Amino acid sequence: MLLSLAANAGAEVTLVQTIGGEGSRDGEFRSPFCAARGESGDLYVADVFNNRIQKFNARGEFVLSWGEVGVAPGQFLRPTSLSVDPSGDVWILDFNNHRIQKFDNKGKFLATMGKYGWREGEFGFPQDFAIDAAGHIYVVDSILNRVQKFESSGTFVKQWGGTGSNPGQLRMPEGIAVDANGFVYVADGANHRVQKFDPEGQFIAQFGRYGNSEGEMNHPYDVAIDTFGRVYVTDSGNQRILQFDASGVYLAQWGGAGFEEGRFKDPRYISIDARNLVYVADSGNDRIQIFEPAPVIVPPAVPANLTSVESENPTTSQLQ
């Protein structure tokens, strides 16, 4: 299925595929919050109120699922976010159990990190996490208004944030992403903005403010970065996706409230694969929508020895 959608500012976006539908059978969802594709091409979905993870192949066909309600290893109380690492292991944020669980690609439990609490390395209803190229894990600890950084082993490294609206402070942060250069982006929900930090938590920049005009946000829920450096924001309160360039300049948007293809009801987490396909968890419509934005067109380089010649035809160029 290919459906071209109207996006403003001359941008183009194509709806490539929709997966799901309301229910508890294989391939159905009850409020999916996150979808992410691994390097193998398999797609994993956090099926929140079914308390399970579902796996689909590259064609979107159901493969398997795992999980059930509980607090034991391998069980979930609202799995809300996930990520697939380069080895193919699947990391799951287990929201009401205040932990992150790690599984292999067949759903075998491998490890866990975190527990409820306020101290370093503990979580108070964590919302999202991201893994950088070196394996560091960044966790949005939403109720505590902080970001915690861990080694790949789960060892605590540092934290930053604090409650407030000043640069570097947070109010109900929801989503997090790391770009190719290691910079950390946080969807600062109740401050209606996205903040950018270096890997050590030093504030770099911010963009967005409350509203529904171009570039404005109403409780942004998540953020993701494509290979061109473009930043995508789930503008949950406005039921749309916003696109910015790497410096935070507004580019485009698409979506709007509704159940039709390309529209959203409570969009949650967003992810981008190696082909720059955009996966939006359209939770209120119990589906995953997959989009393909227009690529960045890079003009061809002008040869160094190509110079303009002023003549009767001022547009003429020649090789010297």
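Rules used throughout
Residues numbered from 1 in each chain as written. Predicted model: local features only at pLDDT ≥ 70, side-chain atom pairs only at ≥ 80, totals over all residues. Heavy atoms only, no water. Phe/Tyr/Trp six-rings, centres within 6.5 Å; stacked < 30°, edge-to-face > 60°. Helix = DSSP H or I, 4+ residues; strand = E, 2+ residues; numbered from the N terminus. Buried < 20%, exposed > 50% of the residue type's maximum accessible area, 1.4 Å probe, protein only. Lys NZ or Arg CZ within 6 Å of the ring centre and 35° of its normal. 1 Å grid on protein atoms, 1.4 Å probe; cavity = no way out; pocket = protein on both sides within 12 Å on 5 of 7 lines; lining within 4 Å. Points joined across faces, edges and corners; volume = space filled by probe spheres on them. Nonpolar A, V, L, I, M, F, W, Y, C, P; charged D, E, K, R; others polar. Pairing = 2+ DSSP bridges.

K.L.:
Teacher, can you tell me more about the packing of aromatic side chains here?
P.N.:
In this description, a pair of aromatic rings is defined by centroid distance and the angle of the planes. Here the structure, examined in full by the defined rule, presents 22 aromatic pairs. Taking the centre distance of 5.9 Å and the plane angle of 70 degrees together, the rings of Phe29 and Phe56 count as edge-to-face. In this pair, Phe29 is assigned in the loop between β2 (12-20) and β3 (32-37) and Phe56 in strand β5 (residues 52-56), connecting sequence segments 27 residues apart. In this structure Phe29 comes out as buried when scored by relative accessible area, which is 0%. Aromatic pair Trp254 and Phe291: ring centres 5.4 Å apart, planes at 55 degrees, arrangement tilted. Linking Trp254 in strand β22 (residues 250-255) with Phe291 in strand β25 (residues 287-293), this pair joins segments that are 37 residues apart in sequence. Owing to a relative accessible area of 0%, Phe291 belongs among the buried residues under this scheme. The side chain of Lys196 reaches across the aromatic face of Phe183, ending 4.6 Å from its centre.

K.L.:
I tried to follow the layout of surface pockets on my own but got confused; where do I start?
P.N.:
Space left empty within the atom packing is revealed by a probe, the size of a water molecule, rolled over the atoms. Considered as a void within the structure, the largest pocket measures approximately 1300 Å³ in volume. Along the walls of the largest pocket sit 45 residues, with Ser83, Ile131, Val178, Ile225 and Ile272 positioned nearest its centre. Among the elements of the structure, β3, β7 (79-84), β11 (126-131), β15 (173-178), β19 (220-225) and β23 (267-272) are those that each provide at least two residues to the lining of the largest pocket. Here the residues of the lining of the largest pocket are counted per class, giving 24 nonpolar, ten polar and eleven charged.

K.L.:
Which parts of the structure should I look at to understand the pairing of strand β24 (residues 278-282)?
P.N.:
With five of five residues buried, β24 is to be regarded as a mostly interior element. Burial along β24 is two-sided: the residues Val278, Val280 and Asp282 and Tyr279 and Ala281 are all buried. Summarising the sheet, β23 and β24 pair through four bridges and their orientation is antiparallel. Counted as the bridge partner of Ile272 is Val278 from β24. Counted between consecutive antiparallel strands, the loop separating β23 from β24 contains five residues, among which Asn276 sits at a positive phi close to 70 degrees. In this sheet, β25 lies alongside β24 in antiparallel orientation, the contact comprising five bridges. Paired with Tyr279 across the bridge in β25 is Ile290. Linking two consecutive strands that pair antiparallel, namely β24 and β25, is a turn of four residues; a positive phi of about 55 degrees is found at Asp286 within it.

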